[in-house]
Amino acid sequence: AQQPDLVFYQAGVDTLEKGRLGKLSLSQEGMQKRNRMVYAAVEEIGAKLVVTMGGGYPNDLAPESESYLGVIRAHVNVYKECIPGAPRACDF
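Here's what I pulled together on the structure shown here. (Residues numbered from 1 in each chain as written. Predicted model: local features only at pLDDT ≥ 70, side-chain atom pairs only at ≥ 80, totals over all residues. Heavy atoms only, no water.)

Describing the pattern of salt bridges
Opposite charge on two side chains lets them pair, provided their charged atoms get close.
No. 1: Following the criterion strictly, the structure yields 1 salt bridge and no others.
No. 2: The salt bridge partner of Glu66 is Arg73, with a shortest N-O separation of 3.2 Å. (Salt bridge = Lys/Arg side-chain N within 4 Å of Asp/Glu carboxyl O.)

Quick word on helix 1 (residues 28-45)
No. 1: Helix length check: helix 1, at 18 residues, gives a terminal C-alpha distance of 26 Å against a target of 26 Å (1.5 Å per residue), a fit within 8%.
No. 2: Regarding helix 1, the residues found buried are Gln28, Met31, Gln32, Asn35, Tyr39 and Val42. The buried residues of helix 1 occupy an angular sector of 95° when projected down its axis, which confines them to one face. Facing away from the buried surface of helix 1 by more than 90 degrees, the exposed residues are Glu29, Lys33, Met37 and Glu44.
No. 3: Among the structural elements, strand 1 (6-12), strand 2 (48-54) and helix 2 (66-82) are those in contact with the buried residues of helix 1. (Helix = DSSP H or I, 4+ residues; strand = E, 2+ residues; numbered from the N terminus. Expected span 1.5 Å × (residues − 1). Buried < 20%, exposed > 50% of the residue type's maximum accessible area, 1.4 Å probe, protein only. Arc of directions from axis to C-beta. Contact = heavy atoms within 4.5 Å.)

Section: helix 2
No. 1: Look at helix 2: 24 Å from first C-alpha to last across 17 residues, which is about the 24 Å you get at 1.5 Å a residue.
No. 2: Of the residues making up helix 2, those classed as buried are Ser67, Gly70, Val71, Arg73, Ala74, His75, Asn77, Val78 and Lys80.
No. 3: Turning to helix 2, the residues buried within the fold contact strand 1, helix 1 and strand 2.

A few points about the packing of helix 1 against helix 2
No. 1: Orientation of helix 1 relative to helix 2, taken along the N-to-C sense of each, is 25°, at an axis distance of 10 Å. By the criterion of interaxial angle, the relationship of helix 1 to helix 2 is roughly parallel. The interaxial crossing formed by helix 1 with helix 2 has right-handed handedness. For the pair formed by helix 1 and helix 2, the contact residues are Gln28, Gln32, Arg34, Asn35, Arg36 and Tyr39 on the first element and Gly70, Arg73, Ala74, Asn77, Val78, Glu81 and Cys82 on the second. (Axes fitted to C-alpha atoms, helices over the stretch in contact; angles between N-to-C directions. Parallel < 35°, antiparallel > 145°, perpendicular 65-115°, else oblique. Left-handed = near helix turned anticlockwise from the far one by under 90°.)

Quick notes on the nonpolar core
No. 1: Within the largest apolar cluster, 10 residues are counted, these being Tyr9, Ala11, Val13, Leu16, Met31, Tyr39, Val51, Val71, Ala74 and Val78.
No. 2: In terms of residues, this core owes the most to one element, helix 2, which gives 3 residues.
No. 3: Here Ala74 is in contact with Val13, Leu16 and Gln28, once residues within four sequence places are set aside. (Core = buried A, V, L, I, M, F, W, Y, C linked by side-chain atoms within 4.5 Å.)

Topic: the environment of Val13
No. 1: Secondary-structure assignment places Val13 in the loop between strand 1 and helix 1.
No. 2: In this structure, the C-alpha to C-alpha distance between Val13 and Arg73, residues 60 residues apart in sequence, is 9.8 Å.
No. 3: Residue contacts for Val13: discarding those within four places in its chain leaves Met31, Arg34, Gly54, Gly55, Gly56, Val71, Ala74, His75 and Val78.

So far we have only geometry, and geometry alone does not tell us how the molecule works.
Put into C-alpha cells, the structure is as follows:
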C-alpha cells in the first residue's frame, strides 16, 4: 500500500444543498463530517496536508441571504475543522 507524505485536499463546497450546484445535497453538518473524515484519514497516515478551496455557488448573491452565508460558513468550517483548538471567532 502507498503511504503518501503529502495530501492535497481540494475542499470545494459546491455540493451544499442550498447552493446552485448542490446536486449532492450535503448539509452544513454533512460538509463538516466530510472534512473531519479527510482530516482524520490524513492524520492516521501521518502525512502533511495542503487544503485548497473551490466551488461554492449560492442561489442568492445578496450577502445577507442564507444561501450566501451558507457558502461562506462552509468555507470557514473547512479551516476551522483542520486546526485543532482553533478559536471559533468566525462563528456566525
